[in-house]
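# Fold and contact review
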Amino acid sequence: MKPRITLITLGVDDLERALQFYRDGLGLPTDGIVGKEFEHGAVAFFQLEGGLRLALWPRKSLAHDSGLTVAAPSATDFCLAHNVRSKAEVDAVMDQARNAGATIVKAAHDTFYGGYAGYFQDPDQHLWEVAWNPQMLPPK
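Before going into details, it helps to say that this report is about the structure given with it. Not measured: the values here are computed from a predicted model. (Residues numbered from 1 in each chain as written. Predicted model: local features only at pLDDT ≥ 70, side-chain atom pairs only at ≥ 80, totals over all residues. Heavy atoms only, no water.)

### Describing the sheet that holds strand β3 (residues 43-47)
The condition that has to hold: Whether two strands pair depends on DSSP finding at least two bridges between them. The secondary structure listing takes helices from DSSP runs of H or I that are at least 4 residues long and strands from runs of E that are at least 2 residues long, numbered from the N terminus. To define axes, lines are fitted to C-alpha atoms, for helices over the stretch in contact only, and angles between the resulting N-to-C directions are given on a 0 to 180 degree scale. A contact between two residues is defined here by any heavy atoms of the two lying within 4.5 Å.
Read across the sheet, four strands follow the order β1-β4-β3-β2 without closing on themselves; strand pairing throughout is mixed. Every other strand in the sheet has two partners, leaving β1 (7-12) and β2 (30-34) as the edge strands with one partner each. Taken pair by pair, the neighbouring strands of this sheet meet at an average axis angle of 20 degrees, ignoring direction. By the bridge criterion, six bridges tie β1 to strand β4 (residues 53-58) in an arrangement that is parallel. By the bridge assignment, L7 is partnered in β4 with R53. Along the sheet, helix α2 (residues 59-66) contacts β1 and β4; its crossing angle with β4, the most-contacted strand, is approximately 95 degrees.

Below, the structure is given as structure tokens:
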């Protein structure tokens, strides 16, 4: 296996609501929901930097495709992180997420490693960290 990830799929309860949060609220680029003509096929893809894609797929469809049963989500099983270039950008992204309907789990604060970070949950309770880490700055 090569050390790369090309697609992250988040199981969601309401695909339209999740699409609105990520597209309209967070401003991620997408062509919207595709695959509606297929049973268990409706999905939304977002092109991220570096060739990575984010997919939103109904939990029931993901369960059907994988052969697993739908289980209750746990926000502490998985966390996505969005590193930014400044403390001010952390605050701006946290405000953007709040305005889009996110739940702020932990307000942005100075961290033990010399950075600044906060946490929010999307409408499906997926956990996101927004962080400024002076040792891990994203490309300009």
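### Here we look at the nonpolar core
Stated formally: To form a nonpolar core, buried Ala, Val, Leu, Ile, Met, Phe, Trp, Tyr and Cys residues must be joined to one another through side-chain atoms within 4.5 Å. Only protein chains enter the accessibility calculation, which uses a 1.4 Å probe; a residue is then buried when its area is under 20% of its type maximum, exposed when over 50%, and partly exposed in between.
The biggest cluster of nonpolar side chains holds 28 residues, and the ones touching the most others in it are Y22, F46, L56 and F120. Sorting the residues of this core by element identifies β1, α1 (15-25), β3, β4, β5 (79-84), α3 (87-100), β7 (116-121) and β8 (127-132) as the ones contributing at least two each. Here this core gets five residues from one element, more than from any other, and that element is α1. Setting aside its immediate chain neighbours within four residues, F46 contacts L19, Y22, R23, L28, P29, T30, L52, R53, L54 and L56.

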